[in-house]
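Here are the chains, one letter per residue:
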Amino acid sequence: MFYDTHAHLNADQFKNQVTEIIEEARENQVNVINVVGFNRKTNALANQIALKYENVYASAGFHPADISQFDESDFETLESYLKQNITVAVGECGLDYYWHKETKNKQIEYFKRQIELSKQYKKPLIIHVRDAIADSYEVLKEASRHGHLKGVMHCFSGTPEMAKRFLDLGLYISLGGPVTFKNAKIPKEVAKVIPLDRLLVETDCPFLAPHPYRGKLNKPAYVPIIAREIANLKKVSLEEIAYYTTDNGKKLFLTNYKD
Ligand code: NI
């Protein structure tokens, strides 16, 4: 069994085909899926999709690349999602200076506030970082001084050294399609150093399809392709990767879940 801990079945690309996509995932032993929200529309859709399908869960948050669309009133809506059992995580949240360096201050403020909500509601963070790894580490390190951090560095793109620093903060590391790309030296090195009990897998679909589907529509059914590459890199069996990543995902996201 596999757990796709980060899928955007709420994206426009999957409109009117969510049922088929989930069925295809199950045929490929991908039985548990997190539908991750990133803005107003996709937070609402993640909630609707998760309520409709078995073993499908939602997250809700403010993505740093979409931060300009959010204001105070959105925190109320976010909390209304976090009060629901079906919402198992806060995010995507984090920092993204690749797309929007000009909103840096607001990104940092909203990231910190989402970290506080994660602690308050005891729901882990799904953390997105792009071209902002030093600032993200500082925010998280500071937050870890005032209470236990729970969360995952999603689709981690930093170095093995940075991965270790985030692991030291108690966070999980999740890998996706890029680990299968032929020229992706750093993600492959990262895969080798993450301990099995701190590793998660994800697709981040519809983006970042693994080799040999690179550039095409990504979907949860491709998780085993990513897991197989990680198994090869770590020199362990595919079954071990399936077992540990599913178990880790359940521990992180579903420990407090009640039907
Ligand atoms: Ni994502």
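Residues numbered from 1 in each chain as written. Predicted model: local features only at pLDDT ≥ 70, side-chain atom pairs only at ≥ 80, totals over all residues. Heavy atoms only, no water.

**Q** Lay out the overall build of the protein with the relevant residues and their values.
**A** Per the secondary structure count, the protein includes nine helices and eight strands. A compact globule built from 259 residues would reach a C-alpha radius of gyration of about 18 Å, and the protein, at 17 Å, matches this within 12%. Along the longest, intermediate and shortest principal axes, the C-alpha atoms of the protein span 45 × 40 × 35 Å. Burial statistics for the protein: of 259 residues in total, 58% are counted as buried. Residue pairs in contact within the protein that sit at least 24 positions apart in sequence constitute 73% of those at least 6 positions apart. In the protein, 34 side chains carry a positive charge and 33 a negative one; their mean positions are 3 Å apart. (Helix = DSSP H or I, 4+ residues; strand = E, 2+ residues; numbered from the N terminus. Rg over C-alpha atoms; globule rule 2.2 N^0.38 Å. Buried < 20%, exposed > 50% of the residue type's maximum accessible area, 1.4 Å probe, protein only. Contact = heavy atoms within 4.5 Å. Lys, Arg positive; Asp, Glu negative; His and termini not counted. Charge placed at Lys NZ, Arg CZ, Asp CG, Glu CD.)

**Q** Describe the coordination of the nickel ion, listing the residues and the values that go with them.
**A** Every protein donor of the nickel ion is accounted for by His6 (NE2), His8 (NE2), Glu92 (OE) and Asp204 (OD), and the metal-donor separations fall at 2.1 to 2.3 Å. Classification of the site at the nickel ion as irregular follows from its four donor atoms and the range of 84 to 175° in their angles at the metal. Mapped onto the polypeptide sequence, the residues donating to the nickel ion form the spacing pattern H-x1-H-x83-E-x111-D. Of the two residues, His6 is situated in strand 1 (residues 2-7) and Asp204 in the loop between strand 8 (199-201) and helix 8 (223-234); the sequence distance between them amounts to 198 residues. Taken individually, His6 and Asp204 each receive the classification buried, so the pair is uniform in this respect. (Donors = N, O, S within 2.8 Å, 3.2 Å for Na, K, Ca; no water. Tetrahedral: all angles 85-135°; square planar, octahedral: opposite > 155°, others 65-115°.)

**Q** I'd love a proper account of the nonpolar core, names of residues and values included.
**A** Within the largest apolar cluster, 85 residues are counted, with the highest numbers of intra-cluster contacts made by Leu9, Ile33, Leu140, Met153, Phe166 and Phe253. When neighbours within four sequence positions are excluded, Leu140 is seen to be in contact with Phe111, Ile115, Leu125, Ile127, Leu149, Met153, Phe166, Leu169 and Leu171. (Core = buried A, V, L, I, M, F, W, Y, C linked by side-chain atoms within 4.5 Å.)

**Q** Tell me about the packing of helix 5 (residues 133-144) against helix 6 (residues 160-168), and please be specific about residues and values.
**A** Packing of helix 5 against helix 6 brings their axes to within 11 Å, and their N-to-C directions diverge by 15°. It follows from the interaxial angle that helix 5 and helix 6 lie roughly parallel. When the axes of helix 5 and helix 6 are compared, the crossing they make is left-handed. Across the interface between the two elements, Ile133, Tyr137 and Leu140 from helix 5 touch Met162, Arg165 and Phe166 from helix 6. Counted by class, the contact of helix 5 with helix 6 contains five nonpolar, no polar and one charged residues. (Axes fitted to C-alpha atoms, helices over the stretch in contact; angles between N-to-C directions. Parallel < 35°, antiparallel > 145°, perpendicular 65-115°, else oblique. Left-handed = near helix turned anticlockwise from the far one by under 90°. Nonpolar A, V, L, I, M, F, W, Y, C, P; charged D, E, K, R; others polar.)

**Q** Outline the packing of aromatic side chains, listing residues and values.
**A** Overall, the coordinates contain eleven aromatic pairs when judged by the stated rule. Here Phe62 and Tyr110 contribute two aromatic rings whose centre-to-centre distance is 5.8 Å and whose plane-to-plane angle is 55°, an arrangement assigned as tilted. A residue pair is termed long-range when its members are at least 10 positions apart, and Phe62 in the loop between strand 3 (56-60) and helix 3 (72-82) and Tyr110 in helix 4 (residues 104-121) qualify at 48 residues. Like Phe62, the residue Tyr110 is buried in the burial classification. The interplanar angle of 5° and the centroid separation of 4.3 Å between the aromatic rings of Tyr213 and Tyr222 together place this pair among those described as stacked. Among the residues examined, Tyr222 registers a relative accessible area of 11% and is labelled buried. Positioned over the ring face of Tyr110 is Arg113, at 5.8 Å from the centre of the ring. Residue placement shows Arg130 over the ring face of Tyr98; its charged tip is 3.5 Å from the ring centre. (Phe/Tyr/Trp six-rings, centres within 6.5 Å; stacked < 30°, edge-to-face > 60°. Lys NZ or Arg CZ within 6 Å of the ring centre and 35° of its normal.)

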